[in-house]
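# Summary of structural features
Okay, here's what each chain looks like letter by letter:
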Amino acid sequence: MHSKLLLLFILLLSSCSPKFTDMIEYPSFEDYPVYEGNDLGLQYTPKAATFKIWAPSATQVLLRLYEQSVGGTAEKKVRLIRIANGVWTTTLKGDQQGKYYTFQTEVNGKWGQEVPDPYVKAVGVNGKRGHIIDLTATNPKGWETDKRPSLKSFTDIIVYELHTRDLSMHDNSGIKNKGKFLGLTEQNTKNQAGLSTGLDHIKELGVTHIHLLPSYDFMSVDESRPEDNEFNWGYDPQNYNVPEGSYSTNPDDGGVRIKEFKQMVQALHKKGLRVILDVVYNHTGETEGSNFNQLVPGYYYRQNKEGGFSDASACGNETASDRAMMRKFIVESVKYWVEEYHLDGFRFDLMGIHDIETMNQVAAAVQEIDPSIFVYGEGWTGGDSPLVEEKRALKKYTYKLKGIAAFSDDMRDGVKGNVFGPMETGFASGKQEVEESVKFGIVAATKHSQVNYEKVNYSNESWAAEPSQCINYVSCHDNHTLWDRLINSQPDITEEERIKMHLLANTIVLTAQGVPFLHAGVEMLRTKDGEENSYKSPDSINRLDWSRKTKYKAVFDYYQALIQLRKNHPAFRMPTNKEIQEHLTFLDFESGGLVGYIIEGNANGDAWKDIVVLFNGKQEVQTAIIPKGNWTIALKGNQIKETGLGKITIEQGDVLEIPASAAMILYKI
């Protein structure tokens with residue numbers, strides 16, 4: 001009798017209780033509910049830990065707690081409860097600090113793999129489990145007073161692109177914490193000749209921003225085996241909101257990598273350097289097995305016509321930034337890096353995969369925190385995308401992006417030659433009929449009446465509304481270093497002649513309007529022994545060889561002086577297109593391989609009233625006619641002296657000789 005009553009009670013209870021295992025079907029991904037809260041992931045206090053994940057298609061969600069970061073069996077399994085808008089949650093009372101955790105969802109009757117949630121902020125070794133920690137305990141001493149260095153205008157930025165391992169891995173770096181975030185905190189490090197290396201070297205060079213190649217948690221390096229010295233650029237994201245464990249001194253403890261990343265940022269800020277993080281939200285390292293896909297299958301990715309994963313990244317998948325919860329994730333992720341890690345900017349890999357609206361929301365969100373936070377990216381894709389072109393954050397639509405810049409491959413390939421033709425030359429290595437591409441870069445891809453857009457290599461019109469939207473560069477981690485490229489494209493010339501071309505190339509970049517970008521080591525003729533795609537090459541290929549600073553000290557000195565010249569003279573960094581149009585006029589030359597312009601009228605408050613800049617791309621002396629008057633020479637060939645290398649008087653009809661493969665800068669006060 002009692003058993004019958006109990007069975008009846010259970011049946012009545014089940015009929016009036018929500019069936020959390022019932023399947024909820026949605027017509028399309030666009031119909032999935034949107035959660036507006038900002039508390040997804042783990043909310044920790046010493047009194048309780050609350051977990052929330054968004055998984056609208058799930059019929060069950062399990063949380064598992066572990067004592068260690070890998071291996072072992074779960075000490076506790078907890079079923080989460082479904083609440084509003086596709087969110088599942090549970091709260092564990094008591095202090096859960098130190099435990100590791102995973103989530104697992106059941107979708108369409110099938111259980112996925114155990115993974116951390118996308119919002120996870122601390123993980124154990126190799127990022128397989130979340131780690132419950134008190135984030136405030138990861139703050140280094142003085143973190144609350146850490147301040148980003150001052151920045152008046154985006155055009156005052158000079159970017160230095162660096163891989164964390166490359167800086168310190170060579171024996172001659174003098175850095176103890178090789179390959180680690182802490183390597184960037186060390187001061188007074190020297191090479192064998194006693195010249196500064198590492199952080200001191202970068203400060204000495206004079207750049208304003210360090211762009212770190214991906215330093216969030218990526219897949220390709222086994223963090224549990226540091227002795228293997230594995231290398232990867234890191235464009236295979238695993239956990240977006242967590243620093244990479246192989247760059248920490250203890251990847252098993254989730255708090256160590258966080259604290260050491262903060263120590264690095266703090267050290268750079270104290271040196272007057274801002275920090276930019278290279279972010280790769282356009283694809284994940286895994287596709288089927290990613291955190292996103294295991295918890296909410298399909299939603300976070302775009303699909304092709306056949307229903308499979310589309311692949312504009314050429315890495316197996318592309319994320320769907322135009323879907324509400326992916327857009328929300330990207331925006332909240334960059335805000336988290338700014339607020340928790342005090343970052344100063346973001347470089348978006350394959351930005352053209354993202355939609356314009358998402359990128360504008362990203363910039364608005366971080367620049368609301370601090371208007372000086374800089375956002376830029378690659379305005380292209382790695383392949384076609386189902387996202388309609390008009391919505392993509394492509395280079396051609398940069399003018400639609402607010403507070404966001406794009407890389408100028410127009411300037412890059414105009415100066416050194418097409419990156420996909422390793423033997424090709426560019427303006428700096430002797431090629432002619434690319435002068436309009438160089439001029440296009442000089443005015444930072446903005447509108448200028450003297451640029452013939454029909455002759456610009458890739459763009460038939462301006463794409464930057466303001467100069468701060470254009471990143472000018474000639475080399476980066478991708479493709480050959482500038483030095484290796486010149487070896488390939490000009491194999492029969494002397495080293496001295498090649499150095500002239502090298503200096504000319506970045507003289508164009510560092511005197512152009514817009515934002516200049518330098519590849520780490522370019523200031524000492526960095527080589528990768530001819531390796532073009534070194535994303536997983538060993539340290540012997542990728543590391544910076546600090547003996548080259550000694551061997552090519554004159555090259556370093558030139559770069560240092562050129563950077564200082566740019567910083568001292570605001571005419572080279574006008575913040576508006578209107579000022580460029582008013583003050584910068586190109587000079588007309590009949591000869592090819594020659595580009596020159598004059599900046600007049602104390603532009604942007606410069607102490608120099610008029611400035612003439614001349615570039616001779618030919619391997620022979622050329623002559624040019626410049627405006628008459630008394631001029632002081634500030635730069636000629638490989639010599640720079642702002643107070644003057646000499647003075648020259650130009651009368652009507654006089655010609656000026658410009659050395660082969662060289663630049664000249666003259667001024668009037």
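Refer to the structure above for everything that follows.
Definitions and limits used
- Residues numbered from 1 in each chain as written.
- Predicted model: local features only at pLDDT ≥ 70, side-chain atom pairs only at ≥ 80, totals over all residues.
- Heavy atoms only, no water.
- Helix = DSSP H or I, 4+ residues; strand = E, 2+ residues; numbered from the N terminus.
- Rg over C-alpha atoms; globule rule 2.2 N^0.38 Å.
- Contact = heavy atoms within 4.5 Å.
- Areas by Shrake-Rupley, 256 points an atom, 1.4 Å probe, with all protein chains shown as cover.
- Lys, Arg positive; Asp, Glu negative; His and termini not counted.
- Charge placed at Lys NZ, Arg CZ, Asp CG, Glu CD.
- 1 Å grid on protein atoms, 1.4 Å probe; cavity = no way out; pocket = protein on both sides within 12 Å on 5 of 7 lines; lining within 4 Å.
- Points joined across faces, edges and corners; volume = space filled by probe spheres on them.
- Nonpolar A, V, L, I, M, F, W, Y, C, P; charged D, E, K, R; others polar.
- Buried < 20%, exposed > 50% of the residue type's maximum accessible area, 1.4 Å probe, protein only.
- Pairing = 2+ DSSP bridges.
- Phe/Tyr/Trp six-rings, centres within 6.5 Å; stacked < 30°, edge-to-face > 60°.
- Lys NZ or Arg CZ within 6 Å of the ring centre and 35° of its normal.
- Core = buried A, V, L, I, M, F, W, Y, C linked by side-chain atoms within 4.5 Å.
- Expected span 1.5 Å × (residues − 1).
- Disulfide = S-S within 2.5 Å.
- Axes fitted to C-alpha atoms, helices over the stretch in contact; angles between N-to-C directions.

### With respect to the overall build of the protein chain
For the protein chain, the helix and strand inventory stands at 15 helices and 28 strands. For 669 residues, the compact-globule estimate of 2.2 N^0.38 gives 26 Å, and the protein chain sits close to it at 28 Å. By principal-axis analysis of the C-alpha atoms, the protein chain measures approximately 120 × 50 × 45 Å. When contacts within the protein chain are restricted to residue pairs at least 6 apart in sequence, those whose partners lie at least 24 apart make up 71%. Carbon and sulfur atoms make up 49% of the accessible area of the protein chain, which totals about 25,900 Å². Taking the average place of the 73 positive charges on the side chains of the protein chain and the average place of its 88 negative ones, the gap between the two points comes to 4 Å.

### Considering the layout of surface pockets
Space inside the largest pocket adds up to approximately 830 Å³. Taken together, 35 residues make up the lining of the largest pocket; nearest its centre are Asp349, Leu350, Glu378, Trp380 and Asp478. Considered class by class, the residues forming the lining of the largest pocket number 14 nonpolar, 11 polar and 10 charged. As a volume, the second largest pocket reaches approximately 680 Å³. Lining the second largest pocket we find 28 residues, and of these Asn38, Leu40, Tyr119, Lys121 and Glu332 sit closest to its centre. Listing elements by their share of the lining of the second largest pocket, those giving two or more residues are β1 (41–45) and α6 (324–341). For the lining of the second largest pocket, the element with the most residues is α6, which contributes 8 residues. Looking at the lining of the second largest pocket residue by residue, the class counts come to 14 nonpolar, 5 polar and 9 charged.

### Observations concerning the pairing of strand β10 (residues 159–162)
Neither face of β10 is exposed, since Val159 and Glu161 on one face and Tyr160 and Leu162 on the opposite face are all buried. Taken together, the 4 bridges between β10 and strand β11 (residues 209–212) define a ladder with parallel strand orientation. Each bridged residue has a counterpart across the sheet, and for leucine 162 the counterpart in β11 is leucine 212. In terms of strand pairing, β10 meets strand β19 (residues 515–519) through 3 bridges, oriented parallel.

### With respect to the packing of aromatic side chains
In the structure shown here, the tally under the stated rule is 43 aromatic pairs. Centroid distance phenylalanine 29 to tyrosine 32: 5.4 Å. Interplanar angle 65 degrees. Geometry classified as edge-to-face. On the basis of relative accessibility, which here comes to 22%, the residue phenylalanine 29 falls in the partly exposed class. Here tyrosine 32 falls in the buried class, since its relative accessible area comes to 12%. Looking at lysine 549, its charged tip hangs above the ring of phenylalanine 556, at a distance of 4.3 Å from the centre.

### Structural notes on the sheet that holds strand β2 (residues 48–54)
Taking strand neighbours across the sheet as the criterion, the 4 strands line up as β1-β2-β6-β5 in an open arrangement whose pairing is antiparallel. Looking at the sheet topology across the chains shown, the edges are occupied by β1 and β5 (81–82). Here β5 runs beside strand β6 (residues 87–93); their pairing, made up of 2 bridges, is antiparallel. Looking at the pairing, arginine 82 lines up with tryptophan 88 of β6.

### Observations regarding the nonpolar core
With 165 residues, the main nonpolar core has Trp54, Leu162, Phe346, Phe348 and Phe615 as its most contacted residues. Element by element, the count of residues in this core is highest for α6, at 10 residues. Once residues lying within four places of it in the same chain are set aside, the contact partners of leucine 162 are Leu167, Leu184, Ile202, Ile210, His211, Leu212, Leu213, Ala520 and Leu544. Grouped together as the second largest cluster of nonpolar side chains are 15 residues, Leu594, Ile598, Met664 and Leu666 included.

### Some points on helix α9 (residues 435–442)
Counted residue by residue, α9 has 8 buried out of 8 residues, so it is predominantly covered. Within α9 the residues assigned to the buried category are Glu435, Glu436, Ser437, Val438, Lys439, Phe440, Gly441 and Ile442. Packed against the buried residues of α9 are α8 (409–416), β18 (470–472), α11 (495–511), β20 (584–586), β21 (594–599) and β22 (610–616). Among the residues trailing α9, alanine 444 stands out with phi positive, at a value near 60 degrees.

### Observations concerning helix α7 (residues 356–369)
Over its 14 residues, α7 runs 20 Å from end to end, which matches the ideal 20 Å to within 8%, given 1.5 Å per residue. Ile356, Thr358, Met359, Asn360, Val362, Ala363, Ala365, Val366 and Gln367 are the residues of α7 that are buried. The inward-facing, buried residues of α7 abut α6, β15 (345–348), β16 (374–377) and β17 (404–407).

### Structural notes on the state of the cysteines
Taken as a whole, this structure holds 0 disulfides when the rule is applied. Free cysteine: cysteine 470, not disulfide-bonded; nearest cysteine sulfur from cysteine 476 at 14 Å.

### Focus on empty space enclosed by the protein
In this approach, a probe sized like a water molecule rolls over the atoms, and the result shows the empty space that is left. Counted according to the given criterion, the structure contains 3 cavities of 30 Å³ or more. Considered as a void within the structure, the largest cavity measures approximately 70 Å³ in volume. Contributions of two or more residues to the lining of the largest cavity are made by β2 and α5 (291–295). Within the lining of the largest cavity, the residues separate by chemical class into 9 nonpolar, 2 polar and 2 charged. Approximately 60 Å³ is the volume found for the second largest cavity. Across the lining of the second largest cavity, the residue classes break down as 4 nonpolar, 4 polar and 4 charged.

### A short note on the sheet that holds β17
Ordered by their spatial adjacency, 8 strands build a closed barrel running β10-β11-β14-β15-β16-β17-β18-β19, and the pairing between neighbours is parallel. Strand-to-strand, the axes of this sheet are offset by a mean angle of 30 degrees, without reference to chain direction. Relative to the sheet, α7 contacts β15, β16 and β17, its axis offset from that of β16 by approximately 155 degrees.

So, to be careful, I would describe these as geometric facts and stop short of saying anything about function.
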